Every structure is written in C-alpha cells, then in structure tokens.
Amino acid sequence: MIQYSLKCADGHAFDSWFQSAAAFDKLAAAGMVSCAVCGGTKVTKAIMAPRVRTGRKAVSGVGEPEPQAAPKAVPVPVPPAPLPSASEPGMLSRPSGEVEKALAELRKKVEENSDYVGGNFVREARAMHLGEAPERAIHGEAKLEDARELIEEGVPVMPLPFRPGRKSN
C-alpha cells in the first residue's frame, strides 16, 4: 500500500491510499480518483515528503550512530471512545469541516426531497419541461454538453456540489 498526497484542479488537497503506484496511475487515467472536497476527477499527485523508517541499528550517512530516542513515557490508561452504532457513519465518513458539514446537509436534503434518476436525468428533465411527464424534483447525472443543451432550451437545471453515492454489491 502507498499513501499519496493529492490535489485537484481546483486546488483542494487530500490524501488517499492505493495498492501501488501503478494502481493510482490506472485509476486516475480512468477518472476513478475524485477529490474528497469537490468530487472533481482531475486529480494529480502533490509534492510530498517520503516516509522513511530507519532500522533499530541504523547508521547516519556520515558513519555515526543515530541519536538515542528519549525515554518512553509510561502510558496512562484512557477509557475507549464509544463505538458508533450501526446507524451512525464511521469516523472517516463523518464530515470534518464546516464546508463538508454544509455539503452533507445539502446532500441529505436533496436526496430526501427529490428522485434520483441517474443517467436518465436529461431525458426526464426535458420531458417535464415539454409537459410530457409530470413535474417533480429530480437529481441525476448528465454530461456537460447535455446540461448546456438543457440550459439553452430553457430547462431549469443546476449542478450539485457533490457526486451521487454509488452503491456496491
């Protein structure tokens, strides 16, 4: 496993783990690596310092032994934090900053108050605009060109600041 510091085209910085350097290259080329903040798929490796762990008897580059580590402190027992219940998301799934919390709240409201139509978004939005389908709140996925066409036709659409959740299995 390898950890990379990454950045997206909008300048957001985040870290992620990959099976290997080749795995990162393959996933990034396929557009499967996305920004943890904005969801953008134009992600590149950021400059990062290597993590090097020296051996116990390692010698510095000039032939002198490494300095001795400070004496270890005696650990003080700390009661474990309560585990999240099955209905709560894990620590890594919880929003950490104000922006992430606001995006999570927006996502929750959108998903509760509209129907997810997936890749049929353009067809559904156009049908509602033309009166061929009953109007309702929907959200889904559309290519940039298709979204532009909808806007040019006068269909009220808006990009969302998050990517749809993908279900596995």
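Here goes a summary of the coordinates provided. (Residues numbered from 1 in each chain as written. Predicted model: local features only at pLDDT ≥ 70, side-chain atom pairs only at ≥ 80, totals over all residues. Heavy atoms only, no water.)

## A word on the overall build of the chain
Of regular secondary structure, the chain possesses four helices and five strands. Across the chain, helices and strands are ordered from the amino to the carboxyl terminus as β-β-α-β-α-β-α-β-α. The buried share among the 169 residues of the chain stands at 17%. Accessible area of the chain: about 13900 Å², with a carbon and sulfur share of 56%. (Helix = DSSP H or I, 4+ residues; strand = E, 2+ residues; numbered from the N terminus. Buried < 20%, exposed > 50% of the residue type's maximum accessible area, 1.4 Å probe, protein only. Areas by Shrake-Rupley, 256 points an atom, 1.4 Å probe, with all protein chains shown as cover.)

## Looking at the environment of Ile138
By secondary structure assignment, the location of Ile138 is in strand E5 (residues 138-140). Judged by relative accessible area, Ile138 falls into the buried class, the value being 16%. In sequence terms Ile138 and Val117 are 21 residues apart; their C-alpha atoms lie 6.7 Å from each other. Beyond its immediate chain neighbours, meaning those up to four positions away, Ile138 contacts Ser114, Asp115, Val117, Phe121, Glu124, Ala125 and Met128. (Contact = heavy atoms within 4.5 Å.)

## Description of the sheet that holds strand E2 (residues 13-18)
With respect to topology, three strands assemble into an open sheet ordered E2-E1-E3, the strand pairing being antiparallel. The strands lining the two open edges of the sheet, one partner per strand, are E2 and strand E3 (43-45). In this sheet, adjacent strand axes meet at a mean angle of 45 degrees when their direction is disregarded. Lying on the sheet, helix H1 (residues 21-29) is in contact with strand E1 (2-8), E2 and E3; it crosses E1 at an angle near 30 degrees. (Pairing = 2+ DSSP bridges. Axes fitted to C-alpha atoms, helices over the stretch in contact; angles between N-to-C directions.)

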